[in-house]
Amino acid sequence: MTGTIRFDLPQSAIPTHWYNIQADLPRPLPPVLHPGTHQPVGPDDLAPLFPMGLILQEVSQERYIEIPEAVREIYKLWRPTPLLRARRLEKALDTPAHIYYKYEGVSPSGSHKLNTATAQAWYNKQEGIAGLTTETGAGQWGTALAQACSFFDMECVVYMVRISYEQKPYRRAIMQSFGASVTASPSEATQAGRAILEQDADSTGSLGIAISEAVEAAAASEGKYKYALGSVLNHVLMHQTIIGQEALQQMELAGAYPDVVVGPTGGGSNFAGIALPFLQQNLSAGKTTRLLGVEPAACPSLTRGQYAYDFGDTVGMTPLVKMYTLGHSFVPPPLHAGGLRYHGMASIICELWDQDLIEMRAIPQMETFGAAITFAKAEGIIAAPEAAHGIAGAIREALAAKEAGEKRVILFNLCGHGHFDMSAYDAYLGGQLSDYEYPQAAIDRAMAELPQVG
């Protein structure tokens, strides 16, 4: 094994603009609807939750939106992130494929989430907002927003899915170290939380429930707080495209171009970050790169969900978004240790899936953790359980190349390290995890509760 394995860019190569896929979509996104009237929402409808700077990004059709200089200065703490060739993994798999990974775990918060958390905090600060409320599942997003708020001397209120709150105490401690308040969700602090607990006092929580609580807390603050979301929304996915833009430059340094780009997919921001700039090349430059998202078999919103209008939260406080959904009442099984627990998916990713511009796989958690262990032994990095889904997808591609005798070039996004997620590894190594296929009967029950939109 010889040759360069790491491809770094100078700080001058940090992108100056985010890429907005809405300018290049073959078919425009379906409108977002008001939860009460079912009419398309306007900026005034979103103003209680988001600053106008982000609302304008959400609906923008401009291809590139400039990154504020203050945000780029903070990005310099960890960007550009490295691109590495996984030669030792290639050898371990005995594959002719060339495997590259973009490593976002070098950020101060340990994941890609800080790319959008920094931007969202800055835009809110510019409008004089004192603090942000949010939800978090496995904790990567809550960690990132807590740190971003500390950058700009803002308050941060986090509702953390209860099962993760209990399973991942160190994630909670990191958020608190940055000054955030962290509450297990569902909680007694909001009407939404109390309503859930009345129905199920032992509820382990879900992202949908935590979103309901965070949205309620922001709306009840009389303008003191706004709400921040770590995935799903258009502007969030756009902020992450700096990953793929850097990767395009780094693959050129490597003298290669990917046949397939792989990313784990929960709400869509990580997969979008690595894939959308390559999709632009497919749409505008005649490239034919396959774009493969990987979701957990326990939360299979794209591969088993229905494309329909649904609430982004459990209680029904958010606007209606057309997305592949398992139903807003979906609650992931507590034995699912790999994150990516959302009932729906970003509208952009759903449209790309519906238009056959991307591929999607659902991979069970035992294979996912097995892939993470294989990667750790070969490349020396303990990946976050969420990121391990991307590893599992890349390994499947590498083994398929081996079987076909193809010299396939694979690029995947390693979105974060797992240093604070070791309880999940402990459960896997201790034989306490098992595969879980979400029951079709449970999906059918949730589908019956979808809002009726004409």
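This text goes with the structure placed above it.
Figured I'd write up the structure that's included with this text. Predicted model only: the values in this text are computed from it and were never measured.

1. Focus: the overall build of the chain
So, step 1. Helix and strand content of the chain: 19 helices and 15 strands.
So, step 2. Against the globule reference of 22 Å for 454 residues, the chain gives a C-alpha radius of gyration of 20 Å, in line with a compact fold.
So, step 3. With the principal axes as the frame, the chain shows a C-alpha extent of 60 × 50 × 45 Å.
So, step 4. Expressed as a percentage of its 454 residues, the buried residues of the chain come to 64%.
So, step 5. Pairs at least 24 residues apart make up 78% of the contacts formed inside the chain by residues separated by at least 6 positions.
So, step 6. In the form shown here, the chain has an accessible surface area of approximately 16,300 Å², with 51% of it arising from carbon and sulfur atoms.
So, step 7. Distance between charge centres in the chain, computed from 32 positive and 46 negative side chains, equals 8 Å.

2. What about the sheet that holds strand β4 (residues 83–85)?
So, step 1. Spatially, β1-β4-β5-β15-β10-β11-β14 is the arrangement adopted by the seven strands of the open sheet, whose pairing is mixed. Bordering the open sheet on either side are β1 (6–7) and β14 (359–363), each of which pairs with just one other strand.
So, step 2. Pairing between strand β5 (residues 98–103) and strand β15 (residues 409–414): six bridges, direction parallel. When the bridges of β15 are listed, Ile99 appears paired with Ile410.
So, step 3. The sheet contacts of helix α13 (residues 269–285) involve β5, β10 (260–264), β11 (290–296) and β15, and relative to β10 the element is tilted by about 155°.

3. Here we look at the environment of Trp78
So, step 1. Here Trp78 lies in the loop between α3 (69–75) and β4.
So, step 2. Taking C-alpha positions, Trp78 is 9.9 Å from Leu114, a pair spaced 36 residues apart along the chain.
So, step 3. Polar contacts involving the side chain of Trp78 include one to the side chain of Asn115, which spans 3.4 Å.

4. Overview of the sheet that holds strand β6 (residues 131–136)
So, step 1. Here we have four strands laid out as an open sheet, ordered β8-β7-β6-β9, and parallel in their pairing. Each edge of the sheet is formed by a strand with only one pairing partner; in this case those strands are β8 (181–185) and β9 (225–227). Shown here is a sheet whose adjacent strand axes are inclined to one another by a mean of 25°, direction ignored.
So, step 2. Of the pairings in the sheet, the one linking β6 to β9 comprises three bridges and is parallel in character. Along β9, the bridge assignment pairs Gly131 with Tyr225.
So, step 3. Each of β6, β7 (155–161) and β8 touches helix α8 (residues 169–177); the most contacted strand, β7, lies at about 170° to it.
So, step 4. Set on the sheet, helix α10 (residues 207–219) makes contact with β6, β7, β8 and β9; between it and β6 the angle comes to about 165°.

5. A look at the pairing of β15
So, step 1. In terms of residue burial, β15 counts as a mostly covered element, since six of its six residues are buried.
So, step 2. Sheet topology places β10 next to β15; three bridges connect them, and they run parallel. Pairing of Val262 across the sheet is with Phe412, part of β15.

6. As for unusual backbone geometry
So, step 1. Cis geometry is adopted by the peptide bond preceding Pro80, which originates at Arg79 and carries an omega value of -5°.
So, step 2. Checked against the element boundaries, Pro80 lands in the loop between α3 and β4.
So, step 3. Put simply, Ser185 and Pro186 share a cis peptide bond, and its omega is 10°.
So, step 4. Located in the positive-phi region is His38, a residue other than glycine, with phi close to 65°.

7. Side note on the environment of Leu292
So, step 1. For Leu292, the position within the fold is in strand β11.
So, step 2. A C-alpha to C-alpha distance of 26 Å links Leu292 and Met447, two positions 155 residues apart in sequence.
So, step 3. Setting aside anything within four residues of it in sequence, one finds Leu292 in contact with Val260, Val261, Val262, Gly263, Phe271, Glu359, Met360, Arg361 and Glu397.

8. Structural notes on α8
So, step 1. Of the residues making up α8, those classed as buried are Arg171, Arg172, Ile174 and Met175. The arc enclosing the buried residues of α8, seen along the axis, measures out at 155°, which places them on a common side. Every exposed residue of α8 that faces more than 90 degrees away from the buried side is listed here: Tyr170 and Ser177.
So, step 2. As for α8, its buried residues are in contact with β6, α6 (140–151), β7, α7 (162–167) and β8.

Reading guide: rules and limits
- Residues numbered from 1 in each chain as written.
- Predicted model: local features only at pLDDT ≥ 70, side-chain atom pairs only at ≥ 80, totals over all residues.
- Heavy atoms only, no water.
- Helix = DSSP H or I, 4+ residues; strand = E, 2+ residues; numbered from the N terminus.
- Rg over C-alpha atoms; globule rule 2.2 N^0.38 Å.
- Buried < 20%, exposed > 50% of the residue type's maximum accessible area, 1.4 Å probe, protein only.
- Contact = heavy atoms within 4.5 Å.
- Areas by Shrake-Rupley, 256 points an atom, 1.4 Å probe, with all protein chains shown as cover.
- Lys, Arg positive; Asp, Glu negative; His and termini not counted.
- Charge placed at Lys NZ, Arg CZ, Asp CG, Glu CD.
- Pairing = 2+ DSSP bridges.
- Axes fitted to C-alpha atoms, helices over the stretch in contact; angles between N-to-C directions.
- Polar contact = N/O pair within 3.5 Å; in protein donor to acceptor, adjacent residues only side chain to side chain.
- Arc of directions from axis to C-beta.

Geometry only, nothing functional implied.
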